[in-house]
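Fold and contact review
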Amino acid sequence: MENVSNSLGFGAASADPKAAVMNQVRQEAAMTNARQLIEKVNEHCFDKCVPKPGSSLSSGETTCFTQCMEKYMAAWNVVSRQYIGRIQQENGKSGMF
Amino acid sequence: MDSPTTSLDQNLDLSKLSPKDKQELQQFIVNESQKARIQQSVHSLTDVCWKKCVTGSIRSGKLDKSEETCAANCVDRFLDANFTVIKHLEAMRNQS
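Residues numbered from 1 in each chain as written. Chains lettered and ligands numbered in written order. Predicted model: local features only at pLDDT ≥ 70, side-chain atom pairs only at ≥ 80, totals over all residues. Heavy atoms only, no water.

Points about the overall build of chain B
Within chain B one finds three helices and zero strands. Listed by position from the N terminus, the elements making up chain B come as α-α-α. Looking at chain B as a whole, 29% of its 96 residues are labelled buried. As displayed, chain B offers around 6,700 Å² of accessible surface, 54% of which is attributable to carbon and sulfur atoms. (Helix = DSSP H or I, 4+ residues; strand = E, 2+ residues; numbered from the N terminus. Buried < 20%, exposed > 50% of the residue type's maximum accessible area, 1.4 Å probe, protein only. Areas by Shrake-Rupley, 256 points an atom, 1.4 Å probe, with all protein chains shown as cover.)

Here it is as structure tokens:
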């Protein structure tokens, strides 16, 4: 039977329920992550790029948005690297977390 | 997009899984939950540190050096603060 997972090329969901659950979980995690990122980018970049909303989004504002988005993602990566590094370090120290 | 839950319900009979598969699946869920928790923390930390470190107007798609350093420090100090709070709470608990 054709379903979302199958149509996305994730293989026989009905034959292997374990793989189907795994894919479902992965997909939902990716979705949540993406939604979260979009929400934050929009919030912060709207703040930065559209101080005074006009009748339409100007080309300058659009450029600002794409740059801001790239910048936000760069910041996300820096934070992620630093956070994970720190967690691992603390983990090695005390076994907390 | 189709509702994910519907496609799950239609195709999955988890009672048919072998004990080994069940255990594997359980471990997978534990790992994924942890990943999701960490990702969640990264989102909220980025939120906090963006506010602190990216104060000027957007001039390019890259973080400049000082913003990058600031973001890294921001994460470390936030965690320091977190540990300080936990330690102090513990101390308070031990006093009473």
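Observations regarding the state of the cysteines
All names here are of chain A. A complete count under the given rule lists four disulfides over all chains for this structure. With a sulfur-sulfur separation of 2.0 Å, Cys45 is cross-linked through a disulfide to Cys68. Disulfide Cys45 to Cys68: torsion about the S-S bond roughly -85 degrees, handedness left-handed. Here the residue Cys45 occupies a position in helix H2 (residues 17-49), and Cys68 occupies one in helix H3 (residues 59-94), the gap between them amounting to 23 residues. Pair check on accessibility: Cys45 and Cys68 agree, each one buried. Here Cys49 connects covalently by a disulfide to Cys64, the sulfurs 2.0 Å from one another. Judged by the sign of its S-S torsion, about -75 degrees, the cystine formed by Cys49 and Cys64 is left-handed. (Disulfide = S-S within 2.5 Å.)

Points about the UniProt feature "domain: Tim10-like" (unreviewed entry) in chain B
As annotated by UniProt and renumbered to match this structure, "domain: Tim10-like" (unreviewed entry) occupies residues 27-90 of chain B. Across residues 27-90 of chain B one finds 83% helix and 0% strand; the C-alpha atoms that close the span lie 32 Å apart. (UniProt positions renumbered as here; feature names shortened; annotations may be inferred.)

Quick notes on the pattern of salt bridges
Overall, the coordinates contain 14 salt bridges over all chains when judged by the stated rule. Residue Glu24 of chain B pairs with Lys18 of chain A through a salt bridge whose shortest N-O separation is 2.8 Å. Placement of Glu24 of chain B in helix H2 (residues 19-53) and of Lys18 of chain A in helix H2 is noted, with the two residues assigned to different chains. For Glu24 of chain B, a relative accessible area of 32% puts it in the partly exposed group. (Salt bridge = Lys/Arg side-chain N within 4 Å of Asp/Glu carboxyl O.)

Thoughts on the interface of chain B and chain A
In this complex, chain B contributes 45 residues to the contact, which on the side of chain A involves 41 residues. For the chain B and chain A pair, buried surface summed over both sides reaches about 4,400 Å², with 69% attributable to carbon and sulfur atoms. For the pair chain B and chain A, the number of links is six salt bridges. Here Asp80 of chain B makes a salt bridge to Arg86 of chain A, at a shortest N to O gap of 2.6 Å. Listed by contribution, the elements that provide at least two residues to the side of chain B that touches chain A are helix H1 (4-11), H2 and helix H3 (65-95) of chain B. A per-element tally of the side of chain B that touches chain A places H2 of chain B first, with 17 residues. Here the side of chain B that touches chain A is built from residues that sort into 20 nonpolar, twelve polar and 13 charged. (Contact = heavy atoms within 4.5 Å. Buried area = accessible area lost by both parts, 1.4 Å probe. Nonpolar A, V, L, I, M, F, W, Y, C, P; charged D, E, K, R; others polar.)

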